[in-house]
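# Report on the structure
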Amino acid sequence: MAKDPPYQVLVRDLPIHRKFEVPPERVGEWLKGLPMRDALGAPEGDPQAGHGVADLDLYADGAHAFAAGTFRGELTVACSRCVNPVTLKIDEMLRVTFMPRHELPDDDEPESAGGRPDRPDPDPDNAEGAEVSEEDLDVFPFDGERVDLEPLLREQFVLAVPFAPLCAETCKGLCPQCGIDRNTTSCTCEPPIDPRLAALKGLKIPS
Ligand SMILES: [Zn+2]
Ligand SMILES: [Zn+2]
């Protein structure tokens with residue numbers, strides 16, 4: 001049974017105003033493999049993974065298509081210190097250009113989530129290491145027939161995750177010896193001796 005992918009819009013239907021909802025199962029699927037997501041040990045189809053909604057105006061102009069609007073949502077990842085769940089809010093203004101692959105900068109191709117036919121060879125005219133301007137960052141590939149919003153929506157969740165998410169600035173983390181959550185319990189573990197100091201103790205100072 002062929003069903004239209006939920007995040008694609010045919011160019012012949014443009015201009016259009018539409019809302020695109022991202023359910024928790026999708027968020028879980030998109031963030032699979034992300035260490036701060038996997039650390040939660042959440043089940044497949046985790047209903048707490050997060051959700052989002054894009055409210056977009058889509059229009060086309062010859063070889064390009066454009067999307068403008070908002071994206072709001074949230075997602076749950078693990079605190080990088082105590083591994084408890086942290087909910088991150090997303091509230092973004094979107095302004096995106098979809099352009100043919102050969103016009104895209106080489107190193108700015110968003111990963112597709114599979115099922116896409118082979119990519120054409122990168123444009124040899126695009127010099128490697130060319131500077132990518134601010135606007136180029138909001139560019140996605142376009143085949144001229146349908147606007148595929150999935151890479152854009154996926155990116156909203158991926159970019160929302162900071163390098164080291166924290167449940168609170170003051171999170172005390174886990175005890176490195178016994179592993180208890182120091183936010184809720186205390187232990188009597190002694191801090192280990194710094195191996196650098198231990199080495200110094202055995203050092204003989206020449207007289
Ligand atoms: Zn924490
Ligand atoms: Zn301890």
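The structure reproduced in this document is the subject of the present report. Because the structure is a prediction, the values reported are computed rather than measured.

## Re the coordination of the zinc ion (ligand 2)
Around a metal, the idealised angle for a tetrahedral arrangement of four donor atoms is 109.5 degrees; for an octahedral arrangement of six donor atoms it is 90 or 180 degrees. Protein-derived ligands of the zinc ion (ligand 2) are Cys175 (SG), Cys178 (SG), Cys187 (SG) and Cys189 (SG), with the metal-ligand distances lying across 2.3 Å. Each of the four donor atoms around the zinc ion (ligand 2) contributes to a set of angles spanning 107 to 112 degrees, which defines the coordination as tetrahedral. Mapped onto the sequence, the residues coordinating the zinc ion (ligand 2) show the spacing C-x2-C-x8-C-x1-C. Given a relative accessible area of 3%, Cys175 falls into the buried group. On the basis of relative accessible area, Cys178 is assigned to the partly exposed category, the value being 40%.

## Here we look at the nonpolar core
Judged by nonpolar contacts, the single largest core of 34 residues is most densely connected at Phe20, Leu58, Leu75, Phe98, Leu149, Leu153 and Phe157. Within the residue set of this core, elements represented by two or more residues are β2 (16-22), α1 (24-30), β3 (50-61), β4 (64-78), β5 (85-99) and α3 (150-159). The greatest single-element share of this core, amounting to six residues, is contributed by β5. Those residues in contact with Leu75 that sit more than four places away from it in its chain are Val27, Leu31, Ala49, Gly50, Val86, Thr87, Leu88, Ile90, Phe157, Ala160 and Val161.

## Points about the sheet that holds strand β6 (residues 139-141)
The strand order β2-β3-β4-β5-β6 describes an open sheet built from five strands, whose pairing is mixed. Each of the sheet's edge strands pairs with one partner strand only, and the pair in question is β2 and β6. Within this sheet the neighbouring strands show an average axis-to-axis angle of 30 degrees, counted without direction. Note that β3 and β4 share twelve bridges and pair antiparallel. Within β4, the residue paired with His51 across the bridge is Glu74. Sheet strands touched by α3: β2, β3, β4, β5 and β6. Its angle to β5, the strand with the most contacts, is close to 145 degrees.

## A few points about the pattern of salt bridges
This structure, assessed with the given rule, holds six salt bridges. Arg26 is the salt-bridge partner of Glu150, the closest N and O atoms lying 3.3 Å from each other. Placement of the pair is Glu150 in helix α3 and Arg26 in helix α1, with a sequence separation of 124 residues. Glu150 sits in the buried class, given a relative accessible area of 17%. With a closest N to O distance of 2.8 Å, Lys89 and Glu74 form a salt bridge. Residue Lys89 is found in strand β5, and its partner Glu74 is found in strand β4; the two are separated by 15 residues along the sequence. Judged by its relative accessible area of 65%, Lys89 is exposed. The partly exposed category is assigned to Glu74, whose relative accessible area is 22%. The network of salt bridges with common partners includes Arg26, Glu29 and Glu150.

## A short note on the packing of aromatic side chains
Under the definition given, this model contains five aromatic pairs. Between the aromatic rings of Trp30 and Phe157, the centroid separation amounts to 6.1 Å while the plane-to-plane angle is 55 degrees, which identifies the pairing as tilted. Residue Trp30 is located in helix α1, and its partner Phe157 is located in helix α3; the two are separated by 127 residues in the primary sequence. On the numbers, 6.0 Å between centres and 35 degrees between planes, the contact of Phe98 with Phe140 is tilted. Taken together, the residues Phe98 in strand β5 and Phe140 in strand β6 connect sequence positions 42 residues apart. For the pair Phe98 and Phe140, one class covers both residues: buried.

Parameters at a glance
Residues numbered from 1 in each chain as written. Chains lettered and ligands numbered in written order. Predicted model: local features only at pLDDT ≥ 70, side-chain atom pairs only at ≥ 80, totals over all residues. Heavy atoms only, no water. Donors = N, O, S within 2.8 Å, 3.2 Å for Na, K, Ca; no water. Tetrahedral: all angles 85-135°; square planar, octahedral: opposite > 155°, others 65-115°. Buried < 20%, exposed > 50% of the residue type's maximum accessible area, 1.4 Å probe, protein only. Core = buried A, V, L, I, M, F, W, Y, C linked by side-chain atoms within 4.5 Å. Helix = DSSP H or I, 4+ residues; strand = E, 2+ residues; numbered from the N terminus. Contact = heavy atoms within 4.5 Å. Pairing = 2+ DSSP bridges. Axes fitted to C-alpha atoms, helices over the stretch in contact; angles between N-to-C directions. Salt bridge = Lys/Arg side-chain N within 4 Å of Asp/Glu carboxyl O. Phe/Tyr/Trp six-rings, centres within 6.5 Å; stacked < 30°, edge-to-face > 60°.

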